[in-house]
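Descriptive structure summary
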Amino acid sequence: MVVSKEVAPEDKITIKVESGINGHNDTVFYTMKKTSKLQILMNAYCERTGFDIQSIRFWYDDSAVRRMDTPSSLGLVDGSEIYIFQGQG
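Notes on the structure follow.

Parameters at a glance
- Residues numbered from 1 in each chain as written.
- Predicted model: local features only at pLDDT ≥ 70, side-chain atom pairs only at ≥ 80, totals over all residues.
- Heavy atoms only, no water.
- Helix = DSSP H or I, 4+ residues; strand = E, 2+ residues; numbered from the N terminus.
- Buried < 20%, exposed > 50% of the residue type's maximum accessible area, 1.4 Å probe, protein only.
- Contact = heavy atoms within 4.5 Å.
- Patch = residues over 30% accessible without salt bridge, like charges linked within 9 Å, V, L, I, M, F, W, Y side chains within 5 Å.
- Areas by Shrake-Rupley, 256 points an atom, 1.4 Å probe, with all protein chains shown as cover.
- Salt bridge = Lys/Arg side-chain N within 4 Å of Asp/Glu carboxyl O.
- Phe/Tyr/Trp six-rings, centres within 6.5 Å; stacked < 30°, edge-to-face > 60°.
- Core = buried A, V, L, I, M, F, W, Y, C linked by side-chain atoms within 4.5 Å.

1. Considerations on the overall build of the chain
Of regular secondary structure, the chain possesses 2 helices and 5 strands. Burial statistics for the chain: of 89 residues in total, 34% are counted as buried. Considering only residue pairs separated by 6 or more positions, the chain has 55% of its internal contacts joining residues 24 or more positions apart.

As structure tokens, then:
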């Protein structure tokens, strides 16, 4: 018996990630499962842009996004925006 691992469209979400860092006005869209950890998105963004994950902060709705958060746990809906800012050491 073969079990399909297809994800139903209603279980996915597209998130807009927008940089607020001077000189990097990137806007990137990520599609992921609503139950996936946002660490996947964070790592993908850093790989794409070359940023060190320790030097930037991800924010949604005036709150820091943590690596273990999921789109569902933050109440994200399709098209929600996460913003990137320079971290403060």
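There's more to say after this.
2. Quick word on a nonpolar patch on the surface
Taken together, the side chains of Trp 59, Tyr 83 and Phe 85 make up a nonpolar region of the molecular surface, amounting to roughly 270 Å² of accessible area. Among the structural elements, Phe 85 can be located in strand 5 (residues 81–86).

3. A few points about the packing of aromatic side chains
For the structure on display, the rule yields 2 aromatic pairs. With a centroid separation of 6.4 Å and an interplanar angle of 10 degrees, the aromatic rings of Tyr 45 and Phe 51 are classed as stacked. Each of the two residues, Tyr 45 as well as Phe 51, counts as buried. Here the aromatic rings of Tyr 45 and Phe 58 are separated by 6.1 Å at their centres, their planes lie at 80 degrees, and the arrangement is edge-to-face.

4. Considering unusual backbone geometry
If you check the backbone angles, Asp 61 has positive phi at about 55 degrees while not being a glycine. Along the chain, Asp 61 turns up in the loop between strand 3 (56–60) and strand 4 (63–64). Assessed through its relative accessible area of 60%, Asp 61 is described here as exposed. Positioned with a positive phi, Asp 62 is a non-glycine residue whose angle comes to about 65 degrees.

5. Digging into the side chain of Ser 19
Among the secondary structure elements, Ser 19 is positioned in strand 1 (residues 12–19). If sequence neighbours within four positions are ignored, Ser 19 has contacts with His 24, Asp 26, Tyr 45 and Ile 84.

6. A look at the side chain of Ser 36
Topologically, Ser 36 is positioned in the loop between strand 2 (27–33) and helix 1 (39–49). When its relative accessible area of 15% is taken as the criterion, Ser 36 is described as buried. Once residues within four sequence positions are removed from consideration, Ser 36 is found in contact with Asp 69, Thr 70 and Pro 71.

7. Notes on the nonpolar core
Counting residues in hydrophobic clusters, the biggest one holds 21 residues, and the most contacted among them are Ile 15, Leu 38, Leu 41, Tyr 45, Ile 56 and Phe 58. The dominant element in this core, judged by the number of residues it contributes, is helix 1, at 4 residues. Sequence-distant contacts of Tyr 45, that is, excluding residues within four places in its chain, are made with Val 17, Ser 19, Asp 26, Val 28, Tyr 30, Phe 51, Ile 56, Phe 58 and Ile 84.

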